[in-house]
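A look at the structure
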Amino acid sequence: MGGIGNAFGPHPNNDASFNWGKTLDQFQINGGKRLKGTIRVNGSKNASLPLLAASLLTEGESVFRDLPDLSDTNHMMYLLEKLGVSVSRGAEGAIRVQVEDELNCHAEYELVRKMRASVCVMGPLLAKRGKAQVSLPGGCNIGYRPIGLHLQGLEALGADIDLVGGDIYLKAKKLRGAEVFLGGPFGSTVLGTANVMMAACLADGTTVIECAACEPEIVDLADYLNRCGAQITGHGTPRISIEGVDQLRGCEHQVIPDRIEAGTFIIAAAITNGDVKIENSRLDHLMALIDRLRIVGVNVERSADGIVQVSSSRRLEPVTITTQPYPGYPTDLQAQVMALLCLADGNSVITEKIFPDRFVHVAELNRMGAKLRKEGPTVIIEGVKNLVGAPVMASDLRASAALVLAGLIAKGTTHVSRVYHIDRGYDRIEQRLAAIGADIRRVPS
Ligand code: EPZ
């Protein structure tokens, strides 16, 4: 199959026909239906993005299985094509990538502004091609998201870095292994760890990353890189060591299940008091969520055949949650659990320690009859008997998911607009929820 131009249709800049998440679609949800049945979790978006970027480090072809078909992953594949990589989706749905030419090293503003994870091409481009020009990401709905730790780490490996006209220019003849500390005011950085770990794979000598991110997506990236010939140890712990090598060769890789999608589906089952089985999910990646849900009165069990079964009591207990770096409670499941706790019998408290302003969903949930009060990085959730359907607006990927969850249980009809936000991280979520009983459909605006 040809490149992304054939496999996915041209980029929306010149053709909106491809499903890059049409801007004006809405979801129409009639609440009150119990979810019942089996739903499968897709491959992880947040593993897929750095995995795709890592292919820039390699010679030969890589094949990624279970890489999800999302606007974010398609944006990354489009960026790879601009950087000289051939990208195609094979018959079995696997994504095949291979570097064809290394001329263009510029990740342009147009692409980076639409998907800030594009910054994780910095490390691979710098290590493999000796230079990179990457637009500094702009603002984000979930709060201030600098990348100073990424740059600090790459500089420690020997990169010369300049910021000119909104673009970061990085260059280095040959990177050298170093001790790198990646702890910031909110803990470590996931994509910063990815950038430095990828760059260190082709550096001269040993790199040690202290205060590295421990997320499963970093472990999955290191597993892929080691299969390509890298020498990474300690991944999944705060101290990662990388012995630089001369070359990496592409390989096949199965993307890990998306723990945030799995958590979203678990909460969907709980909020509708449903009876749902979830396939292809790693409970060991969701211990913090399961721990909190047990207190609320939601049981999440793995059956013999590896399928996860969700059941909840009618009466939901309030709970206190603070988001932390992995393995703490994930910030990417904060909005979703807030929707659930709107219906608990008492007051819950959520404190957001990763993105203190990540509360765009609070005002929208209050429009649906929730009683939420924001006090700085904390929201007090006073439980109510029920939510009421209303027109609401999505403005961030996970906030959109929270509004869908609220709509599933609200009395009456909820219209969620700007669902292109949710298309970034959930593939055809309305079809998959409808298949297990939700009354939800996509309405072109
Ligand atoms: C990743 O973003 C995820 N995205 C995010 O998921 C997730 O919320 C976040 O990690 C935290 O878990 C992808 O993996 C594609 P960070 P990332 O650098 O790596 C501060 C979703 O919904 N920081 O770990 O960009 C930063 O401001 C998305 O799927 C610095 O201070 O996040 C934040 O407060 C949203 N300086 C904290 O660290 C830096 O140089 C964690 O950010 C970098 C980050």
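Here the structure is a predicted model, which means the values were calculated and not measured. (Residues numbered from 1 in each chain as written. Predicted model: local features only at pLDDT ≥ 70, side-chain atom pairs only at ≥ 80, totals over all residues. Heavy atoms only, no water.)

**As for the overall build of the chain**
- Tallying secondary structure elements over the chain gives 15 helices and 26 strands in all.
- For 445 residues, the compact-globule estimate of 2.2 N^0.38 gives 22 Å, and the chain sits close to it at 22 Å.
- In terms of overall dimensions, the chain has a C-alpha envelope of 65 × 50 × 45 Å along the principal axes.
- Taken across its 445 residues, the chain has 57% of its residues classed as buried.
- Of the contacts made within the chain by residues no fewer than 6 positions apart, 73% connect residues no fewer than 24 positions apart.
- Summing over all exposed atoms, the chain offers an accessible surface of approximately 16900 Å²; the carbon and sulfur share of this is 50%.
- Counting 47 positive and 49 negative side-chain charges, the chain places the averaged centre of each group 5 Å from the other. (Helix = DSSP H or I, 4+ residues; strand = E, 2+ residues; numbered from the N terminus. Rg over C-alpha atoms; globule rule 2.2 N^0.38 Å. Buried < 20%, exposed > 50% of the residue type's maximum accessible area, 1.4 Å probe, protein only. Contact = heavy atoms within 4.5 Å. Areas by Shrake-Rupley, 256 points an atom, 1.4 Å probe, with all protein chains shown as cover. Lys, Arg positive; Asp, Glu negative; His and termini not counted. Charge placed at Lys NZ, Arg CZ, Asp CG, Glu CD.)

**What about the nonpolar core?**
- Ranked by size, the top nonpolar core spans 76 residues in total, and within it Val121, Met197 and Leu225 carry the most contacts.
- Among the elements that line this core, the one with the most residues is helix H7 (residues 190-200), at seven residues.
- Beyond its immediate chain neighbours, meaning those up to four positions away, Val121 contacts Ala53, Leu56, Met76, Leu79, Leu83, Ala107, Val134 and Asn195.
- Residues Ile39, Ile290, Val310 and Ala339 belong to the second largest nonpolar core, which totals 73 residues. (Core = buried A, V, L, I, M, F, W, Y, C linked by side-chain atoms within 4.5 Å.)

**Comments concerning helix H11 (residues 334-341)**
- Burial analysis of H11 places eight of its eight residues in the buried class, which makes it a mostly covered element.
- Those residues of H11 lying buried are Gln334, Ala335, Gln336, Val337, Met338, Ala339, Leu340 and Leu341.

**Notes on the domain arrangement of the chain**
- With domains assigned, the chain is organised as domain 1 (4-42 + 257-444) and domain 2 (45-254).
- Placing the centre of domain 1 and that of domain 2 at their C-alpha centroids yields a distance of 29 Å.
- Note on domain 1 versus domain 2: buried area summed over both sides is about 2700 Å², and carbon and sulfur give 55% of it.
- Linking domain 1 to domain 2 there are three salt bridges.
- For the salt bridge of Asp72 with Arg424, the shortest nitrogen-to-oxygen distance reads 2.8 Å. (Domains from an automatic or database assignment. Buried area = accessible area lost by both parts, 1.4 Å probe. Salt bridge = Lys/Arg side-chain N within 4 Å of Asp/Glu carboxyl O.)

**Structural notes on the environment of Ile321**
- With respect to the helices and strands, Ile321 occurs in strand S20 (residues 320-322).
- Given a relative accessible area of 1%, Ile321 falls into the buried group.
- Distance in space between the C-alpha atoms of Ile321 and Gly369 is 22 Å, their sequence separation being 48 residues.
- Leaving out residues up to four positions away in the same chain, Ile321 has contacts with Arg292, Tyr329, Val337, Leu341, Val349, Ile350 and Thr351.

**Observations regarding the packing of helix H6 (residues 148-156) against H7**
- In contact at an axis separation of 8 Å, H6 and H7 are set at 15° when each is read in the N-to-C sense. Regarding the angle of H6 to H7, the classification is roughly parallel. The element H6 and its partner H7 pack so that their crossing is right-handed. Contacts between H6 and H7 involve His150, Gly153 and Leu154 from the first element and Leu191, Gly192, Asn195, Val196 and Ala199 from the second. (Axes fitted to C-alpha atoms, helices over the stretch in contact; angles between N-to-C directions. Parallel < 35°, antiparallel > 145°, perpendicular 65-115°, else oblique. Left-handed = near helix turned anticlockwise from the far one by under 90°.)

**With respect to the packing of aromatic side chains**
- If you walk through the whole model with that rule in mind, you get one aromatic pair.
- Summarising the aromatic geometry, the rings of Phe64 and Tyr224 are spaced 5.1 Å apart at their centres and angled 55° between planes, so their arrangement reads as tilted. With Phe64 in strand S4 (residues 61-65) and Tyr224 in helix H8 (residues 216-227), this pair connects stretches of sequence that are 160 residues apart. Residue Phe64 shares its accessibility class with Tyr224, and that shared class is buried. (Phe/Tyr/Trp six-rings, centres within 6.5 Å; stacked < 30°, edge-to-face > 60°.)

**A few points about the packing of helix H5 (residues 122-129) against H6**
- Running from N to C, H5 and H6 point in directions that differ by 20°, and their axes come no closer than 11 Å. Taken together, H5 and H6 sit at an angle that is classed as roughly parallel. For the element pair H5 and H6, the recorded crossing hand is right-handed. In contact with Met122, Gly123 and Leu126 of H5, H6 contributes His150, Leu151 and Leu154.

**Description of the pairing of strand S1 (residues 26-30)**
- Here five bridges tie S1 to strand S26 (residues 439-443), and the two strands are oriented antiparallel to one another. In the strand pairing of S26, Gln28 is matched with Arg441.
- As judged from the five bridges shared by S1 and strand S25 (residues 413-417), these two strands associate in the antiparallel manner. The residue of S25 that forms the bridge with Gln26 is Ser417. (Pairing = 2+ DSSP bridges.)

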